[in-house]
Amino acid sequence: MPEFLRLSPPTEALLTLLRALPDREPAAVTIDTTEALGRVNAENVCAPHPLPEFPRSAVDGYVVRARDTYGISESLPGYLILIGEVPMGDAPSFVLHPGACGLIHTGGMLPEGADAVVMLEYTQTVHMGGQLLIPATKIEITRSVAEGENVLRVGEDIAMAKVVLAAGMRLRPAEIGGCMALGIVQLRVAIKPRIGIISSGDEVVPPNQNPHPGQVRDVNSHSLAAVVAGAGGEPALYGIVPDSLEAIKTVAAKALSECEAVVITAGSSASARDMTAEAIASLGAPGVLVHGVNVRPGKPTILAVCEGKAVIGLPGNPVSALVIAGLFVVPVIEKLLGLMIVPPRPSVLAKLMVNVPSQAGREDWIAVRLLVNEKWEMGNWEAHYLAEPLFGKSNLIFSIAAADGLMRIPPDATGVSAGEMVEVVLM
């Protein structure tokens, strides 16, 4: 089998892989909402009641009828009679009549007849006869308010029966808090897809073993397991397989039968890559779809679908394996989870510190360290990022461990000049 049949652009290669995977409804499980952070919601969730359920004050101040404040200003204050205080956690015991007001705190329920709140900053109690009356008889107001001002209306946050969580969204802290506000204490979420991880190579030994000369500890199994877990999958490690076609076939077949997708990191030699491709091709139709991606690092990438499951062959070099896992393994996991809303990857703009060459027609991903450049400008401190490329070889894991992110050089560029602004995808 030739080493590379055709070098595919990364975007085209990913689309080829994802389109070959069948569209399946992800299996779901019910869990406590408190345990749902980072999980993917499996079904639409609707609000069981409006939020807020009652009109509430958004500030500390005095609850009023807005029309009683019209025309009031700092130079022409108005006076309202204080008739009570709204208790926190309970309904008001009074009805607001014309010319009256009531003390209210943030989150307090508006009494009947009230439609606005004057902030405490625009009021003061009135002294009568040189003595402060407690409770004060009158409140001086120095600012008018409009109807609904400083008030949270019923359903203003969310209306009853409205979809609050769409199926296929990854749950963040805000969604967890929103569910608690609505009393939604359990959710149906996608079951984490099991992703088999196989490391191959005669020279690879477990991390807890002292390597002999010529041997290296297994890095890829564990760094890839972290990538899988971070993307929402469940990593399943199948150990280290020697550079034997039959051994790779046997372990890969077992992993494929037990997992929703399989990732194999091959040895560095061309023969090892060909062996991995041959083993993958034996796992079922349609087999290998892409053998070679026009990207650096990670050109010897293998993308396949076997019996409806993704099988991805990654380069053995640790940096290449991590970069390619981000480009191909993570999207596969997202599809298996039924993720419909994929948020943009966090990134920052930074000024490149040195020239970075690139080969036209190939997409390059360069590890960079971010430095903060601060200076006094126009009466203010200005700060922006500087991007320092880390030109480590793809088998040096700490070259990427020292990086803050990856800079992409598109295939139509022949490099990036020092001083240009570049986008750095944060790691």
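Refer to the structure presented above.
None of the values given here were measured: they were computed from a predicted structure.

About the criteria used
Residues numbered from 1 in each chain as written. Predicted model: local features only at pLDDT ≥ 70, side-chain atom pairs only at ≥ 80, totals over all residues. Heavy atoms only, no water. Helix = DSSP H or I, 4+ residues; strand = E, 2+ residues; numbered from the N terminus. Contact = heavy atoms within 4.5 Å. Pairing = 2+ DSSP bridges. Axes fitted to C-alpha atoms, helices over the stretch in contact; angles between N-to-C directions. Phe/Tyr/Trp six-rings, centres within 6.5 Å; stacked < 30°, edge-to-face > 60°. Lys NZ or Arg CZ within 6 Å of the ring centre and 35° of its normal. Buried < 20%, exposed > 50% of the residue type's maximum accessible area, 1.4 Å probe, protein only. Polar contact = N/O pair within 3.5 Å; in protein donor to acceptor, adjacent residues only side chain to side chain. Left-handed = near helix turned anticlockwise from the far one by under 90°. Nonpolar A, V, L, I, M, F, W, Y, C, P; charged D, E, K, R; others polar. Core = buried A, V, L, I, M, F, W, Y, C linked by side-chain atoms within 4.5 Å. Salt bridge = Lys/Arg side-chain N within 4 Å of Asp/Glu carboxyl O.

Trainee: Would you mind showing me how to read the side chain of threonine 265 here?
Mentor: Within the secondary structure layout, threonine 265 lies in strand E19 (residues 261-265). Here threonine 265 is in contact with Ile198, Ser199, Ser200, Asn220, Leu224, Leu314 and Pro315, once residues within four sequence places are set aside.

Trainee: Help me out: how do you make sense of the sheet that holds strand E4 (residues 61-64) in this one?
Mentor: Strands pair in a sheet through their backbones, by hydrogen bonds, and they do so in one of two ways: parallel or antiparallel. Spatially, the six strands line up as an open sheet ordered E7-E4-E6-E5-E11-E8, and their pairing is mixed. Every other strand in the sheet has two partners, leaving strand E7 (116-119) and strand E8 (123-125) as the edge strands with one partner each. Neighbouring strand axes in the sheet, compared pairwise and without regard to direction, differ in orientation by 40 degrees on average. Examined bridge by bridge, E4 and E7 share four bridges and lie antiparallel to one another. Counterpart to valine 64 in the pairing with E7 is alanine 116.

Trainee: Whenever I open this one, the packing of aromatic side chains confuses me. Can you help?
Mentor: Two measures describe an aromatic ring pair: the distance that separates the ring centres and the angle between the ring planes. Taken as a whole and judged by the stated rule, the model has zero aromatic pairs. In this structure, arginine 143 is placed above the aromatic ring of tyrosine 122, and the distance from its NZ or CZ to the ring centre is 5.2 Å.

Trainee: When you look at unusual backbone geometry in this model, what are you seeing that I'm missing?
Mentor: Along the chain, leucine 51 connects to proline 52 via a cis peptide bond; the corresponding omega equals -5 degrees. Position of proline 52 among the secondary structure elements: in the loop between strand E2 (45-46) and strand E3 (56-57). The peptide bond linking arginine 296 to proline 297 adopts the cis configuration, its omega dihedral lying at 0 degrees. Tracing the backbone through its elements, the reader meets proline 297 in the loop between strand E21 (295-296) and strand E22 (302-306). Positive phi, close to 75 degrees, is recorded for alanine 161, a residue that is not glycine. Along the chain, the position of alanine 161 falls in the loop between strand E12 (151-152) and strand E13 (163-165). Positive phi, close to 55 degrees, is recorded for glutamate 307, a residue that is not glycine. Looking at the element boundaries, glutamate 307 is found in the loop between E22 and strand E23 (309-314). Residue glutamate 307 is classed as exposed on the basis of its relative accessible area of 52%.

Trainee: Looking at this structure, how should I read the environment of serine 257?
Mentor: Counting through the fold element by element, serine 257 comes out in helix H4 (residues 245-258). The class for serine 257 is exposed, based on a relative accessible area of 58%. Sequence separation between serine 257 and leucine 80 is 177 residues, and the spatial gap between their C-alpha atoms is 76 Å. A distance of 2.7 Å separates a polar atom in the side chain of serine 257 from the backbone oxygen of lysine 254.

Trainee: How should the packing of helix H1 (residues 10-20) against helix H6 (residues 318-336) be read in this particular structure?
Mentor: When two helices pack together, their arrangement is captured by the angle between the axes and the distance separating the axes. Where H1 meets H6, the axes come as close as 11 Å, and the angle between the chain directions of the two elements is 35 degrees. Read as a crossing pair, H1 and H6 show a hand that is right-handed. Residues Pro10, Ala13, Leu14, Leu17 and Leu18 of H1 lie in contact with H6, whose contacting residues are Leu327, Phe328, Pro331, Val332 and Lys335. A per-class count over the contact of H1 with H6 returns nine nonpolar, no polar and one charged.

Trainee: Honestly, the nonpolar core in this entry has me stumped. Any pointers?
Mentor: Among the nonpolar cores identified, the biggest contains 43 residues, and Ile312, Leu314, Phe328, Val329 and Val332 are the most heavily contacted of them. Elements represented by at least two residues in this core include exactly H1, strand E15 (194-200), helix H3 (220-231), E19, E22, E23, H6 and strand E26 (363-377). Looking at this core, the element that brings in the most residues is H6, giving 11 residues. Residues in contact with isoleucine 312, not counting those within four places in the same chain, are Leu17, Val262, Val263, Ile264, Ile302, Leu303, Phe328, Val329 and Val332. Val241, Ala277, Leu283 and Ile302 belong to the second largest nonpolar core, which has 20 residues in total.

Trainee: Looking at this model, I keep getting lost on the pattern of salt bridges. Mind explaining?
Mentor: Where charged atoms from two side chains of opposite charge come close, those side chains can pair. Following the criterion strictly, the structure yields 12 salt bridges and no others. Linking lysine 249 and glutamate 246 is a salt bridge whose minimum nitrogen-to-oxygen distance equals 4.0 Å. Placement of the pair is lysine 249 and glutamate 246 together in helix H4, with a separation of three residues, close to one helical turn. The class for lysine 249 is partly exposed, based on a relative accessible area of 23%. A salt bridge links glutamate 388 to arginine 369, with the shortest nitrogen-to-oxygen separation between them at 2.9 Å.

Trainee: Help me understand the sheet that holds strand E18 (residues 234-241), please; the structure alone is not making it clear to me.
Mentor: Strands sit in the order E18-E15-E19-E23-E22-E20 across an open sheet of six strands; the sheet is mixed. Edge positions in the sheet fall to E18 and strand E20 (286-291), since each has one partner strand and no second. Shown here is a sheet whose adjacent strand axes are inclined to one another by a mean of 20 degrees, direction ignored. Summarising the sheet, E20 and E22 pair through five bridges and their orientation is antiparallel. Counted as the bridge partner of glycine 287 is valine 305 from E22. Across the sheet, H3 touches E15, E18, E19 and E23, and the angle it forms with E18 is around 165 degrees. Contacts from H4 reach E15, E18, E19, E22 and E23, with the element oriented near 165 degrees to E18.

Trainee: It is not clear to me how the environment of leucine 289 should be interpreted in this structure. Could you clarify?
Mentor: On the secondary structure map, leucine 289 appears in strand E20. A relative accessible area of 31% places leucine 289 in the partly exposed class. Distance from leucine 289 to glutamate 203, taken between C-alpha atoms, is 28 Å for residues 86 residues apart in sequence. Leaving out residues up to four positions away in the same chain, leucine 289 has contacts with Thr16, Leu17, Ala20, Leu303, Ala304 and Val305.

Trainee: I'm lost on the pairing of strand E30 (residues 421-426) in this one. Help?
Mentor: Where a strand is regular, its side chains alternate between the two sheet faces. In the sheet, strand E24 (residues 347-352) pairs with E30 via five bridges, with the strands oriented antiparallel. Opposite valine 348, over in E30, you have valine 424 as the bridge partner. When strand E28 (residues 405-409) meets E30, the two strands line up antiparallel, connected through three bridges. Among the inter-strand pairings, leucine 406 is bridged to a residue of E30, identified as valine 425.

Scope: geometric values only; no functional claims are made or implied.
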